[in-house]
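Overview (structure and organization)
Here is how the chains run, residue by residue.
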Amino acid sequence: MPGGLLRYFAFGTGVGIEIGPSNLQVSIARVRPSTIRQIATLNIENFRQRPAAEWGREFSDFLKRHGVAHLPAIVLLPRHEVIVRLVNLPGVEDKDLGAAINYQLDTLHPYSEDDAIAAYGRLGKSTDILVGVVRRAVFDSYTGLFAEAGIKVTNFTFSAATFYSALRLNSEPPKEFLALANTMSGLEVYGESSAKRLFSVIWDLPEEKVASMAIAELRIPQETEPLLTFPSASLSAASTGACPMFSLAVNLLPEDQRKNTSVLRYIPTAILAVALAILLTAIAMHKPYDTNQYVKQLQMEIAKVERSAQSISAADKEIAAVRVRTMLLDEYRRRTK
């Protein structure tokens, strides 16, 4: 997550797709250090009943109209099809997270061992790990559908991960809060507190009941009011895609299938290349600079010596003139009257 001066490097444009029961909600977002702006939205209706190539062209034409056809999309799986867990792993380094998660993965879902796909990401610098699990058959059906539609996808994830990232792109969220987000899967509860770093669930209950139960889960004051302004799921996904370096990397898509066509991924390489070029130029210029400085110092010393030599030469000339006058006077004295 960007913090301090890093937040001023939060620039980019992203595309997010939220999968609903029958529709796809598409958002294009532009992220700047102080704002997240939704450029355009598209609602693709009845995508499950229509040929994939048909609504794939509709999506492609939408991106072309807004000049972002080169961008891959981040796709949010339906929230009710993803099991979200928060696992605390104190003392486990990032390089060992995969092994630690796999060791206890069977306790996080009800599926068989080969029927589950999981992705995970560390929440900031904490020991809490966000884990998402989806059935392999469900995941394969969606990846196949989007591939058939010709849509470039860089990330299949879920709303909790993108909500967490989007809330931190421009500023830090409150330490304790509760939000009710209207997603295409239903009313999603999202919250954070000191007792539970991240809480995400969908309950098919009245809003008041949902808020009361979520407050109890988060262990925050009962008078806490849910946030009224909260990014839509597709907008949060697009924001995450706009600044992937500053976002929680919870990606269910295998690495070899991720489409990375955004030019933003070249920014770190470009920055490092510029820094290396400056360093090499400085090294190359160091010796000529030292030589130039030495020559300047030498010329200053020579100028000082020349001034002294000129003074001595002038004194010698004056002494010679006095000697000549003295000799003339001596010769004059030796003459007879």
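Quick summary incoming for the structure in this document. (Residues numbered from 1 in each chain as written. Predicted model: local features only at pLDDT ≥ 70, side-chain atom pairs only at ≥ 80, totals over all residues. Heavy atoms only, no water.)

1. Overview of the pattern of salt bridges
Pairing is possible between side chains that carry opposite charge, provided their charged atoms lie close to one another. The condition that has to hold: Any Lys or Arg side-chain nitrogen found within 4 Å of a carboxyl oxygen on Asp or Glu counts as a salt bridge. For every residue, the accessible area obtained with a 1.4 Å probe (protein chains only) is divided by the maximum for its type, and the residue is called buried under 20%, exposed over 50%, and partly exposed between those limits. We count a stretch as a helix when DSSP gives it H or I for four or more residues in a row; a strand needs E for two or more, and each element gets its number in order from the N terminus.
Here the structure, examined in full by the defined rule, presents ten salt bridges. For Glu 58, the salt bridge is made with Arg 50, and the minimal N-O distance between the two is 2.9 Å. On the basis of relative accessible area, Glu 58 is assigned to the partly exposed category, the value being 27%. Asp 115 is the partner of Arg 135 in a salt bridge, and the nearest nitrogen-oxygen pair spans 3.0 Å. One end of the pair, Arg 135, is in strand 7 (residues 128-135); the other, Asp 115, is in the loop between helix 2 (97-103) and strand 6 (116-122), and 20 residues separate them in sequence. Residue classification places Asp 115 among the buried residues on the basis of a relative accessible area of 17%. It is possible to trace a salt-bridge network through shared partners that takes in Arg 50, Glu 54 and Glu 58.

2. Considerations on the packing of aromatic side chains
Cut-off, in case you're wondering: Classification of ring pairs uses Phe, Tyr and Trp, with its six-membered ring standing for Trp, and accepts pairs whose centres are within 6.5 Å; under 30 degrees between planes counts as stacked, over 60 as edge-to-face, and the remaining range as tilted. Whether a charge sits over a ring depends on NZ of Lys or CZ of Arg being within 6 Å of the ring centre and within 35 degrees of the ring normal.
A complete count under the given rule lists seven aromatic pairs for this structure. One aromatic cluster is present, formed by Phe 47, Trp 55, Phe 139, Phe 146 and Phe 156 through successive ring pairs. When the ring centre of Tyr 164 is taken as origin, the NZ or CZ atom of Arg 168, which lies over that ring, is 3.8 Å away.

3. A short note on the pairing of strand 11 (residues 199-202)
The criterion, for reference: Only strands that DSSP links by at least two bridges are regarded as paired with each other.
By the bridge criterion, four bridges tie strand 10 (residues 186-192) to strand 11 in an arrangement that is antiparallel. For Val 189, the partnering residue across the bridge sits in strand 11 and is Val 201. Between strand 10 and strand 11, which follow one another and run antiparallel, lie six residues.

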